[in-house]
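Observations on chain architecture
The residues making up each chain are set out below.
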Amino acid sequence: MTLTFTAPPRTDADRLTGLPVAVIGAGPVGLAAAAHLLERGLDVDVYEAGPAAGTSVRAWGHTRLFSPWQYVIDPAAQRLLEATGWEAPRASSLPTGRDLVDTYLAPLAATPQLAPVIQYGTRVAAVSRQGMDRTRSIGRADTPFLLRLNTAHGVTDVTARAVVDTSGTYTSPNSLTAAGLAPAADLGDRVVHALPDVLGADRDRFTGKRVLVVGAGHSAANTLIKLASLAKTAPGTEVLWAVRNAGTARLGVDAADGLAARGQLGSTVHSLVESGQVQQIASYEIDDVRADGDQVTVTGRRAGEPFAVTVDVIVNATGFRPDLDMLREIRLGLDDIVEAPRALAPLIDPNLHSCGSVPPHGVAELVHPEPNFFIAGMKSYGRAPTFLLLTGYEQVRSIAAELAGDHTAARLVELVLPETGVCSTDVGGSSCCTTPSSAESSSTATPSVDVTAPEAASCCSAEPMPTTDSSSCCAS
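Throughout what follows, the structure given in this document is the object of discussion. (Residues numbered from 1 in each chain as written. Predicted model: local features only at pLDDT ≥ 70, side-chain atom pairs only at ≥ 80, totals over all residues. Heavy atoms only, no water.)

Some words on the nonpolar core
Looking at soluble globular proteins, one finds that nonpolar side chains tend to be buried together. Leu 31, Tyr 104 and Phe 206 are the most contacted members of the largest nonpolar core, which totals 87 residues. Contacts of Phe 206, omitting those with residues within four sequence positions, involve Val 192, Pro 196, Val 198, Val 211, Leu 227, Leu 230, Thr 237, Val 313 and Val 315. Core analysis: the second largest hydrophobic core is formed by 18 residues, Leu 147, Leu 149, Ala 160 and Leu 334 among them. (Core = buried A, V, L, I, M, F, W, Y, C linked by side-chain atoms within 4.5 Å. Buried < 20%, exposed > 50% of the residue type's maximum accessible area, 1.4 Å probe, protein only. Contact = heavy atoms within 4.5 Å.)

The structure is reproduced here in structure tokens:
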């Protein structure tokens, strides 16, 4: 028998000295995290998979946010920008996703403080500890993190003292099937991502086609409004809407809302259904989707009875889920159902909470068994569709304070998110509700920044929500 002696890893805390905090994703929350960390005097490196800041936001850039500029700018980020002479846009105006990138995120990423620390075209493939997989415990907290990066020049490994994952969920949509599994066959371009540019770049994809939108949230509503507008000028365009439940509580008629554009959304969509411009297929549980010539046939059960429908194209607006593959060697403490941090999960359960009723939270609710590792932004909410960008800004403010050793400030969370009545969900609902409500905060917390969070790897993590005007419908 051969015995192999494995020496315990070093426990010298100096191994962390001089190492930066790694931020994954250069969307609104990722850049806000970097701004707060730098303001606290901490070194930071930001890794962005896309070619520029806000890549995922730009993917739905044609969509208009229903939150005005006064609610979409992080305070620490604004301080960096104002030092360059930047002037905030008119507070009450509603930006599109493209405006958010061009007017806010791109200038922010170009500030003298952030520009040198952002690496574009750099995808984080895995996160671990240097010389330690998830099974090794001795000295773990004093061992640097190891990030494996995929770049155009190849694969490289870098180290960090802490990691803040703000990579979002935009690139990880939920499945079309009620069971959560992918369709049995590859459907190619017959299925498109949430928030397509129906009236712009993607117009030809939908003109004269029979289109099925799947999902019961604001992204679905946004697309339905635009498809109905297209159908008025494009003969043969037919709009169908599949929802899993009997109703759509998140899109209630005339729901009270501090953001007028969002509050009218439910009324607009229900009017389209009542007028016959949109054919709603309620209580529909999809079992599979298969290619049928140039079309696709969707099979399942409607109110318990077999039901099938054949269409030309499907818009998957069923919400998003976190991609956890790169974190397999990290000790995560995630709720078994929501896939959010265990202390956060009961506060954001979509069966119990709406966007406005999620209580304030910070680093205390975001910790994992892995010391100094945090998931922030939309990804921190796992599969829950109640995320607000304002919440993401408060999360990274709290995390930065914690990493700087200011534990009192890290736990002093006083964000106020009043109930709006719009974001409540039906049990089993699957679409994201990611836009902020009219919020207020004290001087010790992030200023009231209600935002629709961009979804995506860099996205601020929330699903765009439409206004009643189909051409400038709400946004993520």
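Thoughts on the sheet that holds strand E10 (residues 238–242)
Strand order in the open sheet made by the five strands is E8-E15-E9-E10-E11, with parallel pairing throughout. One side of each edge strand has no neighbouring strand; the edge strands of this open sheet are strand E8 (191–192) and strand E11 (279–281). (Pairing = 2+ DSSP bridges. Helix = DSSP H or I, 4+ residues; strand = E, 2+ residues; numbered from the N terminus.)

Let's talk about the pairing of E10
With four of five residues buried, E10 is to be regarded as a mostly interior element. For the handedness criterion, the β-α-β arrangement of strand E9 (residues 210–214), helix H6 (residues 218–233) and E10 is classed as right-handed. With three bridges connecting them, E10 and E11 associate as parallel partners. Paired with Leu 240 across the bridge in E11 is Gln 279. (Right-handed = clockwise from strand over helix to strand, strands pointing away.)

Observations concerning the environment of Ala 221
Turning to its location among the elements, Ala 221 is positioned in helix H6. Overall, Ala 221 belongs to the buried group, its relative accessible area being 0%. Each C-alpha atom, one on Ala 221 and one on Leu 265, is 7.5 Å from the other, the two residues being 44 residues apart in sequence.

Structural notes on the pattern of salt bridges
Between side chains of opposite charge, a pair can form when the charged atoms approach closely. Inspection of the entire model under this criterion finds 14 salt bridges. A salt bridge links Arg 301 to Asp 287; the shortest N-O distance between them is 2.7 Å. Residue Arg 301 is located in strand E13 (residues 295–302), and its partner Asp 287 is located in strand E12 (residues 284–292); the two are separated by 14 residues in the primary sequence. Classification of Arg 301 as partly exposed rests on a relative accessible area of 30%. The class of Asp 287 is partly exposed, set by a relative accessible area of 42%. For Arg 397, the salt bridge is made with Glu 394, and the minimal N-O distance between the two is 2.8 Å. Taken together, the residues Arg 397 and Glu 394, both in helix H11 (residues 389–403) and three residues apart, mark about one turn of the helix. By relative accessible area, which is 1% here, Glu 394 ends up buried. Each member of the salt-bridge network shares a partner with another, and the members are Arg 129, Arg 140 and Glu 370. (Salt bridge = Lys/Arg side-chain N within 4 Å of Asp/Glu carboxyl O.)

Considerations on helix H3 (residues 75–82)
Of all the positions in H3, only Pro 75, Ala 76, Ala 77, Leu 80 and Leu 81 are classed as buried. Looking at the packing, one finds that the buried side of H3 touches helix H1 (28–39) and helix H4 (97–109). Of the residues that open H3, the one with a side-chain oxygen 3.0 Å from the backbone nitrogen of Ala 76 is Asp 74. (Polar contact = N/O pair within 3.5 Å; in protein donor to acceptor, adjacent residues only side chain to side chain.)

Some remarks on the environment of Gln 78
Inspection of the secondary structure assignment puts Gln 78 in helix H3. Excluding residues within four positions of it along the chain, Gln 78 makes contact with Ile 73, Trp 86 and Ala 88.

Thoughts on the sheet that holds strand E1 (residues 21–24)
As summarised here, the arrangement of the five strands in space is E3-E2-E1-E7-E16, forming an open sheet in which the pairing is parallel. Edge positions in the sheet fall to strand E3 (118–119) and strand E16 (373–375), since each has one partner strand and no second.

Nothing here speaks to function; it is all geometry.
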